[in-house]
Amino acid sequence: KFGPVSPENSLAFRSQPMGNSFCEEVRHDLGDRRPASLQTLYVPGHRVELAATPLGPSIAGYQAYHTSIGIDDIEYHFSFEGIVARHGFMSHKHLAGAPPTVTYMGLTSLHGEHLLEKLKPHFEWGTYDLIRKNCNSWTDCALFYLLDIRLDIRYRGLEQLGHIADKKTRLVQRLSGGEYIPNHLAEKFRLEDVIRTINDDKKKEFR
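How each quantity is defined
Residues numbered from 1 in each chain as written. Predicted model: local features only at pLDDT ≥ 70, side-chain atom pairs only at ≥ 80, totals over all residues. Heavy atoms only, no water. Helix = DSSP H or I, 4+ residues; strand = E, 2+ residues; numbered from the N terminus. Buried < 20%, exposed > 50% of the residue type's maximum accessible area, 1.4 Å probe, protein only. Contact = heavy atoms within 4.5 Å. Expected span 1.5 Å × (residues − 1). Polar contact = N/O pair within 3.5 Å; in protein donor to acceptor, adjacent residues only side chain to side chain. Axes fitted to C-alpha atoms, helices over the stretch in contact; angles between N-to-C directions. Parallel < 35°, antiparallel > 145°, perpendicular 65-115°, else oblique. Left-handed = near helix turned anticlockwise from the far one by under 90°. Core = buried A, V, L, I, M, F, W, Y, C linked by side-chain atoms within 4.5 Å. Pairing = 2+ DSSP bridges. Salt bridge = Lys/Arg side-chain N within 4 Å of Asp/Glu carboxyl O.

When you look at the environment of T139 in this model, what are you seeing that I'm missing?
On the secondary structure map, T139 appears in helix 2 (residues 135–147). Relative accessible area serves as the criterion here: at 0%, T139 is assigned to the buried category. Separated by 71 residues in sequence, T139 and S68 have C-alpha atoms that sit 5.7 Å apart. Apart from the residues within four sequence positions on either side, T139 is in contact with L50, T67, S68, I69 and L151.

Listed below in structure tokens is the structure:
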């Protein structure tokens, strides 16, 4: 049943700079566990794809994107509805920049049910925030869970710049004419904390 449901290599990941980087990604040591991508040596693998569609014009060299993850033929993305699973990359279909660029990311031993079970507590219905906890936050965590890699910083650069500006000056709220209202349910979300939790949980599972 599908619908709404209410790092840089397989050994470790590192921050991927883009110009003057303002995003600090914490390095996580995978320890003695086998990366999920290597589990496919023991069980059949599932194909993981990244879909990315540009949103609007670039600003000062930064481009906003909508991203999602595909496992075999099922798309998983995060929105106001929470985590949504559907056949095909349907979340991109209505966007002006569609069709999305789809990139093969690798094989994983984990499947969609694993992904939902582990990440749903961190991406519940009603916690979406356009800047602080959006589709790219989800995609970053999903890639790390499935393949131990991170979403390229270029897909998240503009929103992170906006987050910093809005946090200090409420610039985004003013420029949007009040259309962007921070979601208080996303205030405690910290991307790197979730990544750290995923890594710690996988150390217990994959040894």
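Next comes the rest of the account.
Help me understand helix 2 in this model?
Between its first and last C-alpha atoms helix 2 spans 18 Å; for 13 residues at 1.5 Å apiece the expected length is 18 Å, and the two agree. With 13 of 13 residues buried, helix 2 is to be regarded as a mostly interior element. Here helix 2 starts with a cap whose side-chain oxygen sits 3.0 Å from the backbone nitrogen of N136, and that cap is N134. Backbone geometry just downstream of helix 2 places D148 in the positive-phi region, at approximately 60°.

Would you explain the packing of helix 1 (residues 112–119) against helix 2 in this entry?
To characterise two packed helices, one gives the angle between the axes of the helices and the distance between these axes. Across the interface, helix 1 lies against helix 2 with an axial gap of 11 Å and an inter-helix angle of 120°. As judged from the angle between their axes, helix 1 and helix 2 are oblique. Relative to helix 2, the crossing made by helix 1 is right-handed. Residues H114, L115, K118 and L119 of helix 1 touch helix 2, and the partners they reach there are W138, C141, A142, Y145 and L146.

Please explain the nonpolar core as it appears in this structure.
The tendency in soluble globular proteins is for nonpolar side chains to be buried side by side. If you look at the biggest cluster of nonpolar residues, it comprises 34 residues, and the most contacted ones within it are Y76, L115, L119, F123, W138, C141 and L146. Secondary-structure elements contributing two or more residues to this core are strand 2 (46–59), strand 3 (62–71), strand 4 (74–79), strand 5 (82–87), helix 1, helix 2 and helix 5 (191–205). A per-element tally of this core places helix 2 first, with 8 residues. Beyond its immediate stretch of four places on either side in the chain, W138 contacts Y76, H77, F78, I83, L115, L119 and F123.

Quick question: what am I supposed to make of the pairing of strand 3 here?
Looking along a regular strand, one sees side chains alternate from face to face of the sheet. Taking burial as the measure, the 10 residues of strand 3 include 9 buried ones, the bulk of the element. Where strand 2 hands over to strand 3, the hairpin turn is made up of 2 residues, of which A60 adopts a positive phi near 55°. Pairing geometry for strand 3 and strand 4, over 3 bridges, is antiparallel. Within strand 4, the residue paired with G70 across the bridge is E75. Hairpin connection between strand 3 and strand 4: a loop of 2 residues separates the two successive antiparallel strands, and D72 in this loop has a positive phi of roughly 55°.

Help me out: how do you make sense of the pattern of salt bridges in this one?
Where charged atoms from two side chains of opposite charge come close, those side chains can pair. Throughout the structure, instances matching the rule amount to 9 salt bridges. For D140, the salt bridge is made with R156, and the minimal N-O distance between the two is 3.6 Å. Of this pair, D140 sits in helix 2 while R156 sits in the loop between helix 2 and helix 3 (157–169); the two residues are 16 residues apart in sequence, bridging distant segments of the chain. The same class applies to D140 and to R156, which are both buried. With a closest N to O distance of 2.9 Å, D193 and R196 form a salt bridge. Residue D193 and its partner R196 are both found in helix 5; the two are separated by 3 residues, about one turn of the helix. Take D193: its relative accessible area is 40%, and that puts it in the partly exposed class. Taken together, the shared-partner salt bridges in this structure form one network comprising D140, R150, R156 and E192.

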